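# Architecture at a glance
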Amino acid sequence: MTDIIQLLPDHVANQIAAGEVVQRPASVVKELLENAIDADATEIKLIIKNAGKTLVQVIDNGKGMSVTDARLSFERHATSKIKSAEDLFQINTKGFRGEALASIAAIAHVDLKTKRPEDELGTTIEIEGSTVKSQEVSVTPSGTSVAVKNLFFNIPARRNFLKSDTVELRHISDEFHRVALAHPNIAFALYHNGSELFNLPQENYRQRVVHIFGTKTNEKLVPVEEETEVLKISGFVGKPEFSKKTKSEQFFFVNQRFIKSPYLNHAINAAFDGLLKDGYHPSYFLNLTVDPKTIDINIHPTKTEIKFDDEHTLYAILRSAVKHSLGQFNIAPVLDFEHQSSLNTPYNYKDKTASAPLVEVDRAFNPFSEDENNRRQSLTHSTSFKQAAAASWESLYVGLESKGNNSKTEFSEVTFESDSQTETIFSNSSIESTKTTFQLQQKYIVSTLKSGMLIIDQNRAHQRVLYENFLKHITIKEATSQQLLFPLQLHFTPSETKIIGDLKADLEHTGFVFLELNEKEITITGVPVGVSESEVTIIFEQLISDVENDVPDANFSAADLLAKSMAKSLAIKNGQSLNSMEQEHMVNSLFACKEPNVSPTNRPTFITLGVDDIEKKFM
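Residues numbered from 1 in each chain as written. Predicted model: local features only at pLDDT ≥ 70, side-chain atom pairs only at ≥ 80, totals over all residues. Heavy atoms only, no water.

### Looking at the nonpolar core
For the record, the criterion: The criterion is simple. A nonpolar core is a set of buried Ala, Val, Leu, Ile, Met, Phe, Trp, Tyr and Cys residues joined through side-chain atoms within 4.5 Å. Burial here depends on accessible area, computed with a 1.4 Å probe over protein chains only, as a share of the maximum for the residue type. Under 20% is buried, over 50% is exposed, and the range in between is partly exposed. Numbering of helices and strands starts at the N terminus; helices are DSSP runs of H or I of at least 4 residues and strands are runs of E of at least 2. The contact criterion used is simple: two residues touch if any of their non-hydrogen atoms lie within 4.5 Å.
By size, the foremost hydrophobic cluster in this structure holds 53 residues, and its most contacted members are Leu 32, Ile 44, Leu 46, Val 148 and Phe 188. Take this core: its biggest share by element is 7 residues, from helix α2 (residues 25-38). Excluding residues that lie within four positions of it along the chain, Phe 188 makes contacts with Ile 37, Ile 44, Phe 176, Val 179, Ala 180, His 183, Phe 198, Asn 199, Leu 200 and Arg 208. Grouped together as the second largest cluster of nonpolar side chains are 32 residues, Tyr 467, Phe 514, Leu 543 and Ala 571 included.

See below:
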């Protein structure tokens, strides 16, 4: 038999590696930005076209590369970050695997321009699908410019799996935020299709957070500082009242590297225990500094997972540090048994001595002595207001006896004050006996059928009713709105405001009236009929959460998502009591829908129990 095992060609191996390293345009953004940071750049520009499908370009003013390094950087496992296996346990750079540029070059057109400050001329390299098309000397500024064009041009299946431009741009923005937050000492700029999205100067950490997530974020931040032999913590957590329904503002950085850690996230949630509403998540921007020898980064090509030597100690320190900050800045309720402001001594009285009270007391006073009783009786008779003698009980009937003897009226003619018994249409006992619905556990509406029993989930049923109602208003575009007495101002992050802006037309069809909508604030002057002013924030937060979590593709209907989100926000919750009229209205409204069997999320709204099913329970 012939040998069947053979070495794969380099371009095939690179495409296989690209499946792990490059999953979407945001992966290219992450790798190129980290390479620019490792090159000691102080200014980095990110240029995007068509959400990265056409162009991803990163320009930095770093130390650049020589001619040899520029060509060698596209080879597999070629890196300047490590030299031996021992270096894996002392990593202080972003990259170290030597796979990123080789993987990117295997599935895209790459143009590299680089120059070192000490060189007079730079180098330009053009690569298409791992094949070097040209390499020549060129005039270029100091630093490096990497332009990745036509991503996945030779893998059409992977390109077809990419989402819409809106979704892909959101992933790119997330990667940009993670890198920019980890390095506030570096200036970053982001451009998409010629328009500037972010321009972040060199600044401190608080200013970087505020510039990315909006000016209103400044008042939400609580500083966290802690330093021990094992761990150093710095950064901010959000106040509990500004918690979100999404996890979009949760950032852990270990040695200036963004990571995801459910275990450490649980420590933050434990510190906020009792301060958050159900379904809401705290915001945090925390930098953790540990000894590089105590962590293992070489877990996954994305390097967002890290193994710690002693996670339990880190958990305890992180939880106590956050809890201490919340209490120190009067965010969490505390009990102080040592000081009370109402007991403070006034400044003018601090040097004065206390004097005895001038109240005279008769220490020989005895209220039960005979002399005292006689004295009290004499005082009573001497007053001008004398008490009349209490009439005997027989005198109460004097009038009745005389009236009965004189007019000879019967006792039945005497009227007494009592509760009036006014008949109404609701006092008929037969109506009570024909009551067809009742509420079970303030969660289910139970009604009778000819064939048995009907049990309805009130929350899901109301979602279905509201969903079809909102969808009709959006599609027909005849919704009415109620004007607010005063304009309502809402504040979200720039990315969240963009989501609202993309759905503005559909929101207006449901009844919302926008006076202003920009990155800084949203001003609303009208809301749909039946929606209270306090529910507007809940609706928008739920809408943003649904858009971010569902990550809809190009076929997604904004009207459908908006109707589902508003129905979920405004539907009556389980635990809410309903009277008989409301229960019957719910039943009738549900079965007037086109799809009464399921909720907008395709969950059953009701079940039926037949008489046969009930009889089987007694067998």
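### Digging into unusual backbone geometry
You will see that Asn 255, though not glycine, has its phi angle at about 50 degrees, which is positive. Along the polypeptide, Asn 255 turns up in the loop between β11 (250-254) and β12 (258-259). Using a relative accessible area of 25% as the deciding quantity, one classes Asn 255 as partly exposed. The backbone of Asn 602 sits at a positive phi, close to 65 degrees, despite the residue not being glycine. Mapped onto the elements of the fold, Asn 602 is located in the loop between α18 (580-590) and β22 (606-610). Since its relative accessible area comes to 63%, Asn 602 is described here as exposed.

### Some thoughts on the packing of aromatic side chains
Each aromatic ring pair is characterised by the separation of its centres together with the angle its planes make. Rules: Any two rings among Phe, Tyr and Trp, with Trp reduced to its six-membered ring, count as a pair given centres within 6.5 Å; such a pair is stacked if its planes are under 30 degrees apart, edge-to-face if over 60, and tilted if neither.
As enumerated under the stated definition, the model contains 15 aromatic pairs in all. When the centroid spacing of 6.0 Å and the interplanar angle of 15 degrees are considered together, the rings of Tyr 205 and Phe 236 count as stacked. Taken together, the residues Tyr 205 in helix α7 (residues 205-213) and Phe 236 in strand β10 (residues 232-238) connect sequence positions 31 residues apart. Phe 236 carries the same exposure label as Tyr 205, and that label is buried. On the basis of an interplanar angle of 50 degrees and a centroid distance of 5.3 Å, the ring pair of Phe 213 and Phe 285 is categorised as tilted. Separated by 72 residues along the polypeptide, Phe 213 in helix α7 and Phe 285 in strand β13 (residues 284-289) bring together distant segments of the chain. The same class applies to Phe 213 as to Phe 285, namely buried. Joined through ring pairs, the aromatic side chains of Phe 213, Phe 251, Phe 253, Phe 258 and Phe 285 make up one cluster.

### With respect to the side chain of Ser 325
Here is the rule: Pairs of N or O atoms within 3.5 Å make up the polar contacts considered here, provided that, within protein, one atom can donate a hydrogen while the other can accept it, and that residues adjacent in sequence are counted only when both atoms are side-chain atoms.
Among the secondary structure elements, Ser 325 is positioned in helix α9 (residues 311-328). For Ser 325, the side chain forms a polar contact with the main-chain oxygen of Pro 223, separated by 3.2 Å. Discounting residues that sit within four places of it in the chain, Ser 325 has contacts with Val 222, Pro 223, Val 224 and Glu 225.

### Remarks on the pairing of strand β1 (residues 43-49)
Look at any regular strand and the pattern is simple: side chains alternate between the two faces of the sheet. Test applied: Strands are labelled as partners when DSSP assigns at least two bridges between them.
On β1, burial follows the alternation: Ile 44, Leu 46 and Ile 48 on one face are buried, whereas Glu 43, Lys 45, Ile 47 and Lys 49 on the facing-out side are not. Relative to strand β7 (residues 187-192), β1 runs parallel, the two sharing 6 bridges. Across the sheet, the residue bridging to Lys 45 is Ala 189, located in β7. Examined bridge by bridge, β1 and strand β2 (residues 55-60) share 6 bridges and lie antiparallel to one another. The partner of Ile 48 across the bridge, within β2, is Val 56. The hairpin formed by β1 and β2 contains 5 residues between the paired strands, and Asn 50 there has a positive phi angle of roughly 55 degrees.

### Some points on the pattern of salt bridges
Stated precisely, the cut-off is as follows: Any carboxyl oxygen of Asp or Glu that lies within 4 Å of a side-chain nitrogen of Lys or Arg is treated as forming a salt bridge with it.
Enumeration over the complete set of coordinates arrives at 14 salt bridges. Salt-bridge contacts for Glu 34 lead to Lys 30; the nearest nitrogen and oxygen are separated by 3.2 Å. Separated by 4 residues within a single helix, Glu 34 and Lys 30 lie in helix α2, roughly one turn from each other. Classification of Glu 34 by relative accessible area gives buried; the value is 7%. The residue Asp 457 makes a salt bridge to Arg 460 at a minimum N-O spacing of 4.0 Å. Judged by its relative accessible area of 11%, Asp 457 falls in the buried class. For Arg 460, a relative accessible area of 25% gives the class partly exposed.

### Looking at the packing of α2 against helix α6 (residues 165-182)
Put simply, the rule is: Under this scheme, a helix contributes an axis fitted over its contacting stretch, all axes are lines through C-alpha atoms, and angles between N-to-C directions fall in the 0 to 180 degree range. Here the word oblique covers every angle except those under 35 degrees (roughly parallel), over 145 (roughly antiparallel) and from 65 to 115 (roughly perpendicular). The handedness criterion is simple: a crossing whose near helix is rotated anticlockwise from the far helix by less than a right angle is left-handed, and one whose near helix is rotated clockwise is right-handed. Any residue outside Ala, Val, Leu, Ile, Met, Phe, Trp, Tyr, Cys, Pro, Asp, Glu, Lys and Arg is labelled polar, Gly included; the first ten of those are nonpolar and the last four are charged.
Two elements in contact, α2 and α6, have axes separated by 8 Å at closest approach and are oriented at 20 degrees. The pairing of α2 with α6 is recorded here as roughly parallel in orientation. Along this stretch, α2 crosses α6, giving a crossing that reads as right-handed. Facing Pro 25, Ala 26, Val 29, Lys 30, Leu 33 and Ile 37 of α2, the residues of α6 in contact are Glu 168, His 171, Ile 172, Glu 175, Phe 176 and Val 179. In the contact of α2 with α6, the residues fall into 8 nonpolar, 1 polar and 3 charged.

### Structural notes on the sheet that holds strand β3 (residues 109-115)
Strand order in the open sheet formed by 8 strands is β5-β4-β3-β6-β2-β1-β7-β8, with mixed pairing between adjacent strands. Pairing within the sheet leaves two strands with one partner each, and these edge strands are β5 (131-138) and β8 (195-200). For this sheet the average axis-to-axis angle between neighbouring strands, irrespective of direction, equals 10 degrees. Pairing geometry for β3 and strand β6 (residues 143-149), over 7 bridges, is antiparallel. Across the sheet, residue Thr 114 finds its bridge partner in β6, namely Thr 144. Sitting on the sheet, α2 is in contact with β1, β2, β6 and β7, with an inclination near 10 degrees to β2. Its contacts with the sheet put α6 on β1, β7 and β8, and the angle it makes with β7 is roughly 175 degrees.

### Considerations on the side chain of Glu 168
On the secondary structure map, Glu 168 appears in helix α6. When its relative accessible area of 0% is taken as the criterion, Glu 168 is described as buried. At 3.1 Å, the side chain of Glu 168 and the side chain of Arg 24 are in polar contact.

### So, the pairing of strand β16 (residues 437-440)
Taking every second residue as pointing to the same face, the buried face of β16 carries Thr 437 and Gln 439, while none of Phe 438 and Leu 440 on the other face is buried. Direction of pairing for β16 relative to strand β17 (residues 444-448): antiparallel, over a ladder of 4 bridges. Following the sheet pairing, Phe 438 is matched in β17 by Val 446.

### Points about the sheet that holds β10
Strand-to-strand pairing in sheets goes through backbone hydrogen bonds, with the strands running parallel or antiparallel. Strand order in the open sheet formed by 5 strands is β9-β10-β13-β11-β12, and the pairing between neighbours is mixed. The sheet is open, and its two borders are formed by β9 (221-227) and β12, each paired with just one other strand. Note: β10 against β13, 6 bridges, orientation antiparallel. Paired with Val 237 across the strands is Tyr 284, a residue of β13.

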